[in-house]
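Each chain, written out:
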Amino acid sequence: MTFCNPLVQRFSANESGRDFAVGDIHGCFSKLETALREIRFAPEFDRLFSVGDLVDRGPESQHVLDWLDRPWFHAICGNHDLMAWRRAVGDPYPAVDHVKHGGQWLDQHSKAKQERIAQRLRELPLAMEVGTPQGVVGIVHADFPYDDWQAIHHERFSAGDRETCLWSADRYRTRYMQPIRNVRAVVHGHVTLSRMAQLGNVFYIDTGGWREGGQFTLLDLQTLKVAG
Ligand SMILES: [Mn+2]
């Protein structure tokens, strides 16, 4: 089974601007641009970190390559990004039908473009660590299977653990309140909520900006407050 590579990408603290995390984008890049304008996002200073699920469902999934080229935009892999690149390389994720879950857009593009998209999506890391003056913030798409963030750096962090990071909603479903140790906060998307939720030091920021009536939540990683 092939997973995200590398596992964790690290960023040192932003000395000159603000850092934001955004929930699942699902091909709604124009709507995201509007949300960024509203907080006066300054691409020359600020950075935007995506919790994954860049593609599928929305109308502009094919713009993912342009976005991944922007020097201020950084993303991890979500379960939809995994499904998209796996199907594009002819090795579909077995447990879930990508086409039925918003993946039809992929078939409208040439084999060559599909391959370029697959190449970029498969390079996305499983997690990011972003430095802030108050400590490191971890970003993982769906869930984190341990009470200690450092587990992600251990050899025993298994293929099953990586599956949990991409697909699980257990911590949210069970309202597990235990904070994750050795990290300031952890940010997830994947679970779509009407407003941001917090369990211990774990933040759920997918407020459905990609769907009718939803909006993007931009979480300021330095203050851990919602921007705007
Ligand atoms: Mn997801």
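Cut-offs applied
- Residues numbered from 1 in each chain as written.
- Predicted model: local features only at pLDDT ≥ 70, side-chain atom pairs only at ≥ 80, totals over all residues.
- Heavy atoms only, no water.
- UniProt positions renumbered as here; feature names shortened; annotations may be inferred.
- Helix = DSSP H or I, 4+ residues; strand = E, 2+ residues; numbered from the N terminus.
- Core = buried A, V, L, I, M, F, W, Y, C linked by side-chain atoms within 4.5 Å.
- Buried < 20%, exposed > 50% of the residue type's maximum accessible area, 1.4 Å probe, protein only.
- Contact = heavy atoms within 4.5 Å.
- Pairing = 2+ DSSP bridges.
- Arc of directions from axis to C-beta.

So, the UniProt feature "domain: Calcineurin-like phosphoesterase" (unreviewed entry) in the protein
In the UniProt entry, the feature "domain: Calcineurin-like phosphoesterase" (unreviewed entry) is given for residues 21–191. Between the end C-alpha atoms of residues 21–191 there is a gap of 15 Å, over a span that is 30% helix and 12% strand.

Comments concerning the nonpolar core
Counting residues in each nonpolar core, the largest one holds 57 residues, and the members touching the most others are Leu48, Leu54, Val64, Phe73, Leu121 and Trp149. A total of five residues in this core trace back to one element, the largest contributor, which is helix 3 (residues 79–88). The residues touching Val64, leaving out its near neighbours within four places in the chain, are Phe29, Leu54, Val55, Ile117 and Leu121. With 16 residues, the next largest nonpolar core counts Met128, Val187, Leu221 and Leu224 among its residues.

Topic: the sheet that holds strand 11 (residues 225–226)
Two modes of strand pairing occur in sheets, parallel and antiparallel, and in both the strands are linked by backbone hydrogen bonds. Taken together, five strands build an open sheet; the order of strands is 4-3-2-10-11 and the sheet is mixed. Among the strands making up the open sheet, the edge pair consists of strand 4 (73–75) and strand 11. As paired elements, strand 2 (residues 19–22) and strand 10 (residues 218–220) share three bridges and run antiparallel to each other. When the sheet's bridge partners are listed, Ala21 is paired in strand 10 with Leu219.

A closer look at helix 3
Extensive coverage of helix 3 is indicated by the burial of ten of its ten residues. Each element contacted by the buried residues of helix 3 is listed here: helix 4 (111–122) and helix 5 (159–167). Once helix 3 ends, the next one or two residues include Gly90, with phi positive near 75°.

Re helix 5
Within helix 5, the full set of buried residues consists of Asp161, Cys165 and Leu166. Take helix 5 and look down its axis: the buried residues cluster within an arc of 140°, on one side only. On its buried side, helix 5 packs onto helix 3 and strand 6 (137–140).

Brief notes about unusual backbone geometry
Even without being glycine, Asp53 reaches a positive phi, approximately 60°. Exposure remark for Asp53: the relative accessible area of 1% places this residue in the buried category. A positive phi is found at Arg57, a non-glycine position, where the angle reads about 75°. Here Arg57 lies in the loop between strand 3 (47–50) and helix 2 (64–69). The exposure class of Arg57 is partly exposed, given its relative accessible area of 43%.

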